[in-house]
Amino acid sequence: MLQKKPGVFHIYSAYIALAVLAYWQVAFLQNSFKWDMLGCYLPWRYHVGECLQNGVFPLWNPFTHGGYPIHADLRSVWYPETFIIGLTTGYSYLTLHLLFILHLSLSGLGMYLLSKHFTDDKRAGFIAGGAYLMSGFFVGHGQEMFGIIAATWIPFVLYYFIRLQKEREFPDAVRTAVFAFLLVTGGYQAMWAILLYLLIALFVTYFIRYLHAGMKKEAWQLLKLNGILLIITAMSLAVIAVTFIQVSPEVGRLSGVSIEDAWFMPFSPRSAISFLLPFATVKDIGWYDTDISMNNAYTGLIILIFFVAAAFSKKKFLLNVFLVSGLLALLASFGKYTPVRGILFH
């Protein structure tokens, strides 16, 4: 008798249970959020929700920084969650806990899907998703929802983008654009900006491989579909672009930052101890020369062992692209401790 394999719904249900279990203090309201979650995310979302429920579009927030055009904030108005919750229940402290668990469980599902490009073993994929949602990044960013949102949607963008390069089918261009919209409208800007480098590297790699294999028709089809993806994404984000351009003359941050500001709060080399000892990151914070939200990269000792083993094995070209990109990102994250961040800055 054939056994029915678990579908996406069952996998996602398992990740919800895992997120609740791993972050039970948050799920069962035993411990509360603080810092940016209370100082930024909740008041901004609450204000937008109040405006929407009273038939007012949230163009202006008079309660922060002496007033500012909140509709031009890339992360505060246009994310679909804002309209769904803002027009129904409205935002409360309880909403934060529910959204935290929701996004973490979705992040696990996204990593599970992305793992399909690297392994056919569903067990390995499930472990990858579990390690991702329980990683030090999400633990450290428990006070910063915009980073969590970005990390939630990045695996989905990568999964469908790579599928587009492999199978060259129009629906994957649409799916990639949808998740790119969620990423840009809700996630921390630096994270999707960095992702863009990886997407370009993946496209160029596949395009060259098709040409090298004499598959010119497939190469130009790939070029056309990625062009369509770019157009769809640009059109979906046009409303953000228009509002941002309207207020850009009044935004001082667009004048640029110094290299010292770009080096501020890195994932310092000392933070690499978190790969082995995650609890060490909560003591002697000053020693790490960074913020507590930036010094934890733990993914699990078993995962780390398999990563080291895989680094010395024969790898597919796709994994090599990810390894090179990941290494560059790691070196850049060290800030002033390596020249990579400075090179990218200049």
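The rules behind these values
Residues numbered from 1 in each chain as written. Predicted model: local features only at pLDDT ≥ 70, side-chain atom pairs only at ≥ 80, totals over all residues. Heavy atoms only, no water. Helix = DSSP H or I, 4+ residues; strand = E, 2+ residues; numbered from the N terminus. Rg over C-alpha atoms; globule rule 2.2 N^0.38 Å. Buried < 20%, exposed > 50% of the residue type's maximum accessible area, 1.4 Å probe, protein only. Areas by Shrake-Rupley, 256 points an atom, 1.4 Å probe, with all protein chains shown as cover. Lys, Arg positive; Asp, Glu negative; His and termini not counted. Charge placed at Lys NZ, Arg CZ, Asp CG, Glu CD. 1 Å grid on protein atoms, 1.4 Å probe; cavity = no way out; pocket = protein on both sides within 12 Å on 5 of 7 lines; lining within 4 Å. Points joined across faces, edges and corners; volume = space filled by probe spheres on them. Salt bridge = Lys/Arg side-chain N within 4 Å of Asp/Glu carboxyl O. Expected span 1.5 Å × (residues − 1). Core = buried A, V, L, I, M, F, W, Y, C linked by side-chain atoms within 4.5 Å. Contact = heavy atoms within 4.5 Å. Patch = residues over 30% accessible without salt bridge, like charges linked within 9 Å, V, L, I, M, F, W, Y side chains within 5 Å. Phe/Tyr/Trp six-rings, centres within 6.5 Å; stacked < 30°, edge-to-face > 60°. Lys NZ or Arg CZ within 6 Å of the ring centre and 35° of its normal.

## Some words on the overall build of the chain
The helix and strand inventory of the chain stands at 16 helices and zero strands. For 346 residues, the compact-globule formula gives about 20 Å, and the C-alpha radius of gyration of the chain, at 21 Å, lands near that figure. Burial status across the chain gives 43% buried among its 346 residues. Here the chain displays about 19100 Å² of accessible surface, and carbon together with sulfur accounts for 70% of that area. The distance from the centre of the 24 positive side-chain charges to the centre of the 17 negative ones in the chain is 13 Å.

## Section: unusual backbone geometry
One non-glycine residue, Arg168, lies in the positive phi region at around 55°. By the element assignment, Arg168 lies in the loop between helix H8 (145-167) and helix H9 (170-186). You can call Arg168 buried: its relative accessible area is 18%. In this structure, Asp289 is a non-glycine residue whose phi angle is positive, near 55°. Summarising the element assignment, Asp289 is placed in the loop between helix H13 (259-262) and helix H14 (301-311).

## Considerations on the layout of surface pockets
Roughly 820 Å³ of internal volume is contained in the second largest pocket. Lining the second largest pocket are 27 residues, and of these Tyr23, Phe138, Val139, Gly140 and Gly142 lie nearest its centre. Of all the secondary structure elements, the ones that give two or more residues to the lining of the second largest pocket are helix H2 (24-27) and helix H7 (136-140). Top element by residues in the lining of the second largest pocket is H7. It accounts for four residues.

## Things to note about the pattern of salt bridges
Using the criterion set out here, one finds five salt bridges in the structure. Across the pair Arg123 and Asp121 runs a salt bridge, and its minimum N-O distance is 3.1 Å. Looking at Arg123, the relative accessible area reads 63%, which means it is exposed. Since its relative accessible area comes to 31%, Asp121 is described here as partly exposed. Shared partners join several salt bridges into a network, and the residues in it are Arg163, Asp172 and Arg175.

## Things to note about helix H10 (residues 189-212)
An ideal rise of 1.5 Å per residue puts 34 Å on 24 residues; H10 measures up with 35 Å between its terminal C-alpha atoms. Within the span of H10, buried status applies to Met191, Leu195, Leu198, Leu199, Leu202, Phe203, Tyr206, Phe207 and Tyr210. In the segment just after H10, Gly214 is the residue with positive phi, at about 75°.

## Concerning the nonpolar core
Across soluble globular proteins, nonpolar side chains have a tendency to be buried as a group. Ranked by internal contacts, the top residues of the largest apolar core, which has 76 residues, are Trp153, Leu158 and Leu202. In terms of residues, this core owes the most to one element, H8, which gives 16 residues. Those residues within four positions of Leu158 in sequence are excluded, and the remaining contacts are Leu114, Leu195, Leu198, Leu199, Leu202 and Phe322.

## Considering a nonpolar patch on the surface
On the surface, a nonpolar cluster with roughly 350 Å² of combined accessible area is contributed by Leu196, Ile200, Val204 and Ile208. Mapped onto the elements of the fold, Leu196 is located in helix H10. Looking at Leu196, the relative accessible area reads 46%, which means it is partly exposed.

## Some points on the environment of Leu301
Within the secondary structure, Leu301 sits in helix H14. Spatially, the C-alpha atoms of Leu301 and Phe275 are 7.6 Å apart, while their sequence positions differ by 26 residues. Beyond its immediate chain neighbours, meaning those up to four positions away, Leu301 contacts Phe275 and Leu276.

## Description of the packing of aromatic side chains
Scanning all chains against the criterion turns up 21 aromatic pairs. When the centroid spacing of 5.5 Å and the interplanar angle of 50° are considered together, the rings of Trp153 and Phe156 count as tilted. Of this pair, Trp153 and Phe156 both sit in helix H8, three residues apart, which is roughly one turn of the helix. Their ring planes at 65° and their centres at 4.8 Å tell us that Tyr159 and Tyr160 sit as a pair that is edge-to-face. You'll find Tyr159 and Tyr160 in the same group, each marked buried. Cation over ring: Lys34 sits above Trp35, and NZ or CZ is 4.4 Å from the ring centre. Residue placement shows Arg209 over the ring face of Phe317; its charged tip is 3.7 Å from the ring centre.

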